[in-house]
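Chain and residue survey
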Amino acid sequence: MNFLQQYVHEYLGWNIKDLKISSQELQHGYRTRTRTGYKDKQQIQAYVFTRFPATYQVCLQLIGEHIKELEINSVLDWGCGIGTASLALSKYFENIEYFLIEQDKQAKDYAAQFIKHFYPKNVIQQDILPEKVDLGVFSYSLGESDNWKKHLDDVWSRTNHLLIVEPGTTAHFQKLLKIRDYLLLKKDAYLVGPCYHSQSCPLKEKDWCHFSVNVPRSKEHKILKNAQRGFEFEAYSYLFFSKTSKMHDEFGRLIASPRIHGGHINLKICTRKGEIIEPTISKSHQDYKQLKKSVWGDGIKNELH
Ligand SMILES: C[S@@+](CC[C@H](N)C(=O)[O-])C[C@H]1O[C@@H](n2cnc3c(N)ncnc32)[C@H](O)[C@@H]1O
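Residues numbered from 1 in each chain as written. Predicted model: local features only at pLDDT ≥ 70, side-chain atom pairs only at ≥ 80, totals over all residues.

With that out of the way, let us pick up the overall build of the protein chain. A tally of regular secondary structure across the protein chain gives 10 helices and 15 strands. In terms of overall dimensions, the protein chain has a C-alpha envelope of 60 × 45 × 35 Å along the principal axes. Long-range pairs, those at least 24 residues apart, make up 68% of the contacts in the protein chain with a sequence separation of at least 6. (Helix = DSSP H or I, 4+ residues; strand = E, 2+ residues; numbered from the N terminus. Contact = placed C-beta atoms within 7 Å.)

Let us look at the pairing of strand 3 (residues 123-126). Two strands pair when backbone bridges link them, and strand 2 (residues 97-101) and strand 3 are joined in this way by 4 bridges, in the parallel orientation. When the bridges of strand 3 are listed, Phe99 appears paired with Gln125. Read as a crossover between parallel neighbours, the route from strand 2 over helix 6 (residues 105-118) to strand 3 is right-handed. (Pairing = 2+ DSSP bridges. Right-handed = clockwise from strand over helix to strand, strands pointing away.)

Tracing the sequence through the fold places Leu4 in helix 1 (residues 3-12). The class for Leu4 is buried, based on 20 C-beta atoms found within 10 Å. Distance in space between the C-alpha atoms of Leu4 and Val48 is 7.1 Å, their sequence separation being 44 residues. With residues up to four places along the chain from it excluded, the contact list for Leu4 reads Val48, Phe52 and Phe114. (Buried ≥ 20, exposed ≤ 12 C-beta atoms within 10 Å, placed from the backbone.)

For the protein chain, the assigned domains are domain 1 (3-242) and domain 2 (252-300). The straight-line distance from the C-alpha centre of domain 1 to that of domain 2 is 29 Å. Counting residues at the interface gives 11 residues for domain 1 and 11 residues for domain 2. (Domains from an automatic or database assignment.)

Here the amide bond leading from Gly193 into Pro194 is cis, since omega sits at 5°, within 30 degrees of zero. Relative to the elements of secondary structure, Pro194 occurs in the loop between strand 6 (190-193) and strand 7 (211-216). Here the phi dihedral of Tyr140 falls at roughly 60°; this positive angle occurs in a residue that is not glycine. Tracing the sequence through the fold places Tyr140 in the loop between strand 4 (133-139) and helix 7 (148-156).

In this section: helix 3 (residues 41-50). Most of helix 3 sits out of view: 8 of its 10 residues are buried. Residues of helix 3 that are buried include every one of Gln43, Ile44, Gln45, Ala46, Tyr47, Val48, Phe49 and Thr50, and no others.

Further remarks concern the sheet that holds strand 14 (residues 280-282). The strands that make up a sheet pair up through hydrogen bonds in the backbone, lying either parallel or antiparallel. Taken in spatial order, the 3 strands line up as 10-11-14 in an open sheet, and their pairing is antiparallel. Looking at strand neighbours, the two that pair on one side only are strand 10 (259-260) and strand 14, the edges of this open sheet. Where strand 11 (residues 264-266) meets strand 14, 3 bridges bridge the pair, whose relative direction is antiparallel. If you follow Ile265 over to strand 14, its bridge partner there is Ile281.

Here Ser141 shows up in the loop between strand 4 and helix 7. For the pair Ser141 and Glu166, spaced 25 residues apart in sequence, the C-alpha separation works out to 7.6 Å. Look past the residues within four positions of Ser141 in its chain and what remains in contact with it is Trp78 and Gly79.

Put simply, helix 2 (residues 16-32) and helix 3 touch, their axes get as near as 8 Å, and they point 80° apart. Considering the angle they form, helix 2 stands roughly perpendicular to helix 3. Side by side, helix 2 and helix 3 meet where Asp18, Leu19, Ser22, Ser23, Glu25 and Leu26 of the first sit next to Gln42, Gln43, Gln45, Ala46, Tyr47, Phe49 and Thr50 of the second. (Axes fitted to C-alpha atoms, helices over the stretch in contact; angles between N-to-C directions. Parallel < 35°, antiparallel > 145°, perpendicular 65-115°, else oblique.)

Next up on the list: the sheet that holds strand 13 (residues 276-277). Pairing in this open sheet of 4 strands is antiparallel, and the strands run 13-12-9-15 from one edge to the other. In this open sheet, the two strands that pair with only one neighbour each are strand 13 and strand 15 (299-300). Of the strand pairs in this sheet, strand 9 (residues 252-254) and strand 12 (residues 269-271) are connected by 3 bridges, and their pairing is antiparallel. Bridge pairing in strand 12 links Arg253 to Cys270.

The subject of this paragraph is the pairing of strand 2. By the criterion of burial, strand 2 is predominantly enclosed, with 4 of the 5 residues buried. The sheet contact formed by strand 1 (residues 74-78) and strand 2 spans 5 bridges and is parallel. Note on strand 2: the bridge partner recorded for Asp77 is Leu100. As a crossover connection, the stretch from strand 1 through helix 5 (residues 84-90) into strand 2 is right-handed.

Glancing now at the packing of helix 1 against helix 3. Remark: helix 1 packs on helix 3, axes separated minimally by 9 Å, with the N-to-C direction vectors making an angle of 150°. The angle between helix 1 and helix 3 falls in the class roughly antiparallel. Regarding helix 1 and helix 3, the two cross each other, and that crossing is left-handed. Here Leu4, Gln5, Val8 and Leu12 of helix 1 lie close against helix 3, whose contacting residues are Gln45, Val48 and Phe49. (Left-handed = near helix turned anticlockwise from the far one by under 90°.)

Written as structure tokens, this is what we have:
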């Protein structure tokens, strides 16, 4: 069990049979897009056991790549749910202010309880849109909203940096493309990642930009999902913006797993010029050894053709 599952297990108590029903209801809500918030305490616990491990892992991955080196003293976590993004951020930024916006009162109260329990030095504010924050986050929440422009404006106008994370599906990618265009063309935002460019997205017609993390499954997680394997792959798409421009040194980003063959590797890269290239790198290439170790999502430093 991860830290939050352990806490929920010890302090809130649950019955695996009831959780299974709640977890099926949650999944049904996602599939049919009828879910907003959580019906009851059981559904919140089901979320902790079945969705939280993946969304938390994705947040940690993105914080590690884009945020951990920044100066962050305040966070606006919009649609915080049970506080996944704030819990992940608290690993790096403790003793700072977290503003939680969430329509589901029960989830918001649990978020505050969880964050306070694990990171007591944090200051938690609920239902307040602050004047200014260092980081705004939409963790799996903006895609749920029909009124996304208003919510995006509310957060973008108050923050220096903005992270938007969504599931790695074609539908969510299409929504992210609209958000990308809106912030780049109408709000003069600087795009920090995943793109190393601000051109039109070269994947938008036939493909979708997404990445993947490996998420360990607890025994209870496996029972609730009727799963055998001790891990799952979680696909995600994201955008990270800043109000401050950033020079990218990288040549491009790997947008698929490298395919390793006997004497060569095939790569798929979105370059700094906004082009997709698929170079074959042979053993004799000077970067072969290093590229062989690279993984999907990595930035590629040197120019490759
Ligand atoms: C899929 S959950 C994600 C929760 C959390 N951010 C996470 O990453 O685990 C989406 C959350 O957004 C909240 N939400 C959706 N529309 C909202 C709105 N208009 N105002 C506040 N919260 C909203 C929902 O209640 C839900 O808790």
